[in-house]
Amino acid sequence: MSAKIYIEGGGDSNESFETLFRRSWKKFFESAGLRGHMPQVVRGGPRKRTFDLFTTAIATPDSERVPLLLVDSEGPVQAGRSVWKHLQARDEWNQPGGASEDQAFLMVQLMETWFLADRDALKRHFGNQFKETDLKQWPQLEDVPKETVLDALRKATTKCPSPYAKGKVSFKLLEKINPTLVEAACPHAKALLDRLRTL
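Keep in mind the model is a prediction, meaning the values are calculated, not measured.

Engineer: Account for the overall build of the protein chain, with residues named and values stated.
Structural biologist: Secondary structure summary: the protein chain contains nine helices and four strands in total. Its helices and strands in sequence order give the protein chain the pattern β-α-β-α-β-α-β-α-α-α-α-α-α, from N to C terminus. Relative to the compact-globule value of 16 Å for 199 residues, the protein chain shows a C-alpha radius of gyration of 16 Å, a close match. Dimensions of the protein chain along its principal axes, counting C-alpha atoms only, are 50 × 35 × 30 Å. Residue burial in the protein chain is summarised as follows: out of 199 residues, 50% are buried.

Laid out in structure tokens, this is it:
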């Protein structure tokens, strides 16, 4: 048994971006020690389409693959609130019949939050013009608003040859960050990786 994980991801629809998306997530999962538990990655595209693909997978069970959903939380997650409760409150998505609590996961508050957990990877990627002082020492990364995260990354890289922008740069960074640091700083990331390790 393994996972088939439907991951939110917009950007270009061309084949090269699709390849980058899959490769980046594969490298991240490999770095997390999931070589023997490697999930099949499905790029869901826009947020709602990702949920729809997951819902279809739940309705058509596969004995070999457990469908999982991974999307940005797009905001804070209340303490003690389940992922499905968060998605119902924010997106009006109801937990599909047949889907369990451990089949939906969040990047809190968005994937870029994970990058802040590994500042050495950011420095290596962006080079000497990277201004780390624009990244505060936030005690709880998942509490940092998404716009604050994006603004900090933009400011820290504004003088770099390739400043931060969502899209290809995001996935080139995903390949380089240390999952151990990410799951130590982001409890929802740890929940995802722990679930994948059980398959």
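That was the structure; now back to the text.
Engineer: Before we move on, can you summarise the nonpolar core with the specific residues and values?
Structural biologist: Core analysis: the largest hydrophobic core is formed by 50 residues, its most contacted members being Trp25, Phe28, Phe29, Trp114, Phe115, Leu174 and Leu196. When residues of this core are assigned to their parent elements, the largest contribution, six residues, is made by helix 1 (residues 15-31). If we skip the residues at most four places from it in the chain, Leu174 touches Ser24, Trp25, Phe28, Met111, Trp114 and Phe115. Ranked by size, the runner-up nonpolar core spans 17 residues in total, among them Tyr6, Val83, Ala99 and Ala104.

Engineer: I'd like a description of the environment of Asp118, backed by residues and values.
Structural biologist: Note on placement: Asp118 falls in the loop between helix 4 (111-116) and helix 5 (119-126). Assessed through its relative accessible area of 5%, Asp118 is described here as buried. Between the C-alpha atom of Asp118 and that of Pro163, which follows or precedes it by 45 residues, the distance is 17 Å. If sequence neighbours within four positions are ignored, Asp118 has contacts with Lys176, Ile177, Asn178 and Leu181. One polar contact links the side chain of Asp118 to the main-chain amide nitrogen of Asn178, over a distance of 2.8 Å.

Engineer: Let's hear about the environment of Pro67: which residues, and what values?
Structural biologist: The residue Pro67 is located in strand 3 (residues 65-72) in this model. Residues Pro67 and Tyr6, 61 residues apart in the sequence, show an inter-C-alpha distance of 7.3 Å. Non-local contacts of Pro67, meaning those with residues more than four positions away in its chain, are made with Lys4, Tyr6, Phe54, Ala57, Ile58 and Gln103.

Engineer: Break down the sheet that holds strand 3 for me, with residues and values.
Structural biologist: One open sheet holds the four strands; their spatial order is 2-1-3-4, and the pairing between them is parallel. Sheet topology places strand 2 (40-45) and strand 4 (104-107) at the edges, where each strand pairs with a single neighbour. Averaged over all pairs of adjacent strands, the angle between strand axes in this sheet comes to 25 degrees, irrespective of strand direction. Of the strand pairs in this sheet, strand 3 and strand 4 are connected by four bridges, and their pairing is parallel. Looking at strand 4, one finds that Leu69 is bridged to Ala104.

Engineer: If you had to explain the side chain of Glu175 to someone new, which residues and values would you point to?
Structural biologist: If you trace the backbone, Glu175 turns up in the loop between helix 7 (168-174) and helix 8 (179-185). Within the structure, Glu175 has its side chain in polar contact with the side chain of Ser24 (distance 3.3 Å). With sequence-adjacent residues up to four places away left out, Glu175 is seen in contact with Leu20, Arg23, Ser24 and Lys27.

Calculation rules
Residues numbered from 1 in each chain as written. Predicted model: local features only at pLDDT ≥ 70, side-chain atom pairs only at ≥ 80, totals over all residues. Heavy atoms only, no water. Helix = DSSP H or I, 4+ residues; strand = E, 2+ residues; numbered from the N terminus. Rg over C-alpha atoms; globule rule 2.2 N^0.38 Å. Buried < 20%, exposed > 50% of the residue type's maximum accessible area, 1.4 Å probe, protein only. Core = buried A, V, L, I, M, F, W, Y, C linked by side-chain atoms within 4.5 Å. Contact = heavy atoms within 4.5 Å. Polar contact = N/O pair within 3.5 Å; in protein donor to acceptor, adjacent residues only side chain to side chain. Pairing = 2+ DSSP bridges. Axes fitted to C-alpha atoms, helices over the stretch in contact; angles between N-to-C directions.

So far we have only geometry, and geometry alone does not tell us how the molecule works.
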